[in-house]
Amino acid sequence: MSFGVRYAEAVAARGRLCAGIDPHAALLTEWGLPVSVDGLRVFAQSCVAGIAPVAAVVKPQVAFFEQFGSAGFAVLEETIAGCRAAGAIVLADAKRGDIGSTMAAYTTAWLDDASRLCSDAVTVSPYLGFGSLDPTVAAARASDRGLFVLARTSNPDGEALQNASVVDGGTVAQAIVDAAASVNAESSGTVGVVVGATREHGLDLSALGGPILSPGLGAQGATAADLARIFDGADVTWLLPAASRSILRSGPDVAGLRAAVESTRDEVEKALR
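Given the structure is predicted, the values throughout are model-derived calculations rather than measurements.

Caption draft 1: Just the overall build of the chain, in detail. For the chain, the count of helices and strands is twelve helices and eight strands. Taken against the 2.2 N^0.38 rule, which gives 19 Å for 273 residues, the C-alpha radius of gyration of the chain at 17 Å falls within 12% of a compact globule. A principal-axis box enclosing the C-alpha atoms of the chain has dimensions of 55 × 45 × 35 Å. In the chain, which comprises 273 residues, the share counted as buried stands at 53%. For the chain, restricting intrachain contacts to residue pairs at least 6 apart in sequence, the fraction spanning at least 24 positions comes to 72%. Of the accessible surface of the chain, which amounts to about 10900 Å², a share of 53% is contributed by carbon and sulfur atoms.

Caption draft 2: Inspection of the pattern of salt bridges at higher detail. Using the criterion set out here, one finds 13 salt bridges in the structure. Ionic pairing is found between E269 and R16, a salt bridge with its closest N-O pair at 3.3 Å. One end of the pair, E269, is in helix α12 (residues 254–271); the other, R16, is in the loop between α1 (3–14) and β1 (18–21), and 253 residues separate them in sequence. Here E269 falls in the partly exposed class, since its relative accessible area comes to 21%. What makes R16 buried here is its relative accessible area of 9%. Among the charged side chains, a salt-bridge network with shared partners connects R6, R84 and D120.

Caption draft 3: Representation of the sheet that holds strand β7 (residues 212–215) in the model. The strand order β1-β2-β3-β4-β5-β6-β7-β8 describes a closed barrel built from eight strands, whose pairing is parallel. Direction aside, neighbouring strands of the sheet carry axes that sit 30° apart on average. When β7 meets strand β8 (residues 239–243), the two strands line up parallel, connected through four bridges. By the bridge assignment for β8, I212 is matched with L239. Relative to strand β3 (residues 89–96), helix α5 (residues 69–85) is tilted by about 145°, and along the sheet it contacts β1, β2 (57–60) and β3.

Caption draft 4: Region of interest: the side chain of S125. Relative to the helices and strands, S125 is located in the loop between β4 (121–124) and α7 (134–143). Here S125 falls in the buried class, since its relative accessible area comes to 18%. Apart from residues lying up to four places away in sequence, S125 is in contact with K95, R96, G97, L133 and L150.

Caption draft 5: A look at the environment of F64. Assignment of secondary structure puts F64 in helix α4 (residues 62–66). For the pair F64 and P23, spaced 41 residues apart in the sequence, the C-alpha separation amounts to 5.7 Å.

Caption draft 6: Focus on the packing of aromatic side chains. All told, the structure shown has three aromatic pairs when counted by the stated rule. Taking 5.7 Å as the distance between ring centres and 15° as the angle between the ring planes, the aromatic pair formed by Y7 and W238 counts as stacked. Taken together, the positions of Y7 in helix α1 and W238 in the loop between α10 (224–230) and β8 put the pair 231 residues apart, joining distant regions of the chain. Of the two residues, Y7 and W238, neither departs from the other in class, the shared state being buried.

Caption draft 7: How the structure looks around the packing of helix α3 (residues 37–50) against α12. Following both chains from N to C, one finds α3 and α12 inclined at 55°, their axes separated by 8 Å at the closest point. It follows from the interaxial angle that α3 and α12 lie oblique. Regarding α3 and α12, the two cross each other, and that crossing is right-handed. When α3 is examined against α12, the residues S46, C47, A49 and G50 are found in contact with a partner set consisting of V254, L257 and R258. A breakdown of the residues in the contact of α3 with α12 according to their chemical character gives four nonpolar, two polar and one charged.

Caption draft 8: Quick look at the environment of G218. Turning to its location among the elements, G218 is positioned in the loop between β7 and α10. Judged by relative accessible area, G218 falls into the partly exposed class, the value being 35%. The spatial distance from the C-alpha of G218 to the C-alpha of A10 is 22 Å, given a sequence separation of 208 residues.

Caption draft 9: α7, seen in detail. If you check which residues of α7 are buried, you get T136, V137 and A140. Projected onto a plane normal to the axis of α7, the buried residues spread over an arc of 100° and lie on a single side. Each element contacted by the buried residues of α7 is listed here: α6 (100–111), β4, β5 (146–152) and α9 (172–186). Of the residues trailing α7, D144 is marked for its positive phi of about 60°.

Rules used throughout
- Residues numbered from 1 in each chain as written.
- Predicted model: local features only at pLDDT ≥ 70, side-chain atom pairs only at ≥ 80, totals over all residues.
- Heavy atoms only, no water.
- Helix = DSSP H or I, 4+ residues; strand = E, 2+ residues; numbered from the N terminus.
- Rg over C-alpha atoms; globule rule 2.2 N^0.38 Å.
- Buried < 20%, exposed > 50% of the residue type's maximum accessible area, 1.4 Å probe, protein only.
- Contact = heavy atoms within 4.5 Å.
- Areas by Shrake-Rupley, 256 points an atom, 1.4 Å probe, with all protein chains shown as cover.
- Salt bridge = Lys/Arg side-chain N within 4 Å of Asp/Glu carboxyl O.
- Pairing = 2+ DSSP bridges.
- Axes fitted to C-alpha atoms, helices over the stretch in contact; angles between N-to-C directions.
- Phe/Tyr/Trp six-rings, centres within 6.5 Å; stacked < 30°, edge-to-face > 60°.
- Parallel < 35°, antiparallel > 145°, perpendicular 65-115°, else oblique.
- Left-handed = near helix turned anticlockwise from the far one by under 90°.
- Nonpolar A, V, L, I, M, F, W, Y, C, P; charged D, E, K, R; others polar.
- Arc of directions from axis to C-beta.

Here it is, written out as structure tokens:
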């Protein structure tokens, strides 16, 4: 079953929401946990129990596990396995990007069954050229997994590069969207893009044919009501709003996390009807 089909089925069953697992130090402290591997494990286990059974997509932020070294990666492996066992699509937010054999090695880490980090999809950076992602695109197609390519991110520092004009007209970000659309024309839904929900993006997403991960809902300031306006003209059946801190602040209570996912999802579904 292709990633596009699996994505559509998950959203149909659970609603349009990507819930992030971002165990940064401030949240560990807010939950009354030590900023250590032990605190990380308790945090992650609570998220798996409260979020993974109800969210269509769960997005562990790799950096917050990686900062604890090999022990942190071990917790990430447990988290990925637990989320997948609970029926959620797991999107590893790793933002990897390199060339040649190095990119192929990253691809093996995140999209190959032989790796304990293997996820359903991974975020990648195309800013060494979209062609640098060829090993990852090929592996995703072969394994029915997905990619989410950074296009128009929510951070202000990205604007100068992403909105820069390319030689044949348009912007760098639009060129990335168009390249993703070309892949999806042959394998629908394999390549999604990342487009922030916190500001107007200026992109034509109508021909993408893949998921649109839109971070910024909640703590970063975007509301469910903003989505229909910001993504007017896009096929919103592919739209996947993402929220992290606004959900995680409902922890450490597992029931509180679950309720936060459900209420955020319901707000999104109402706004996009």
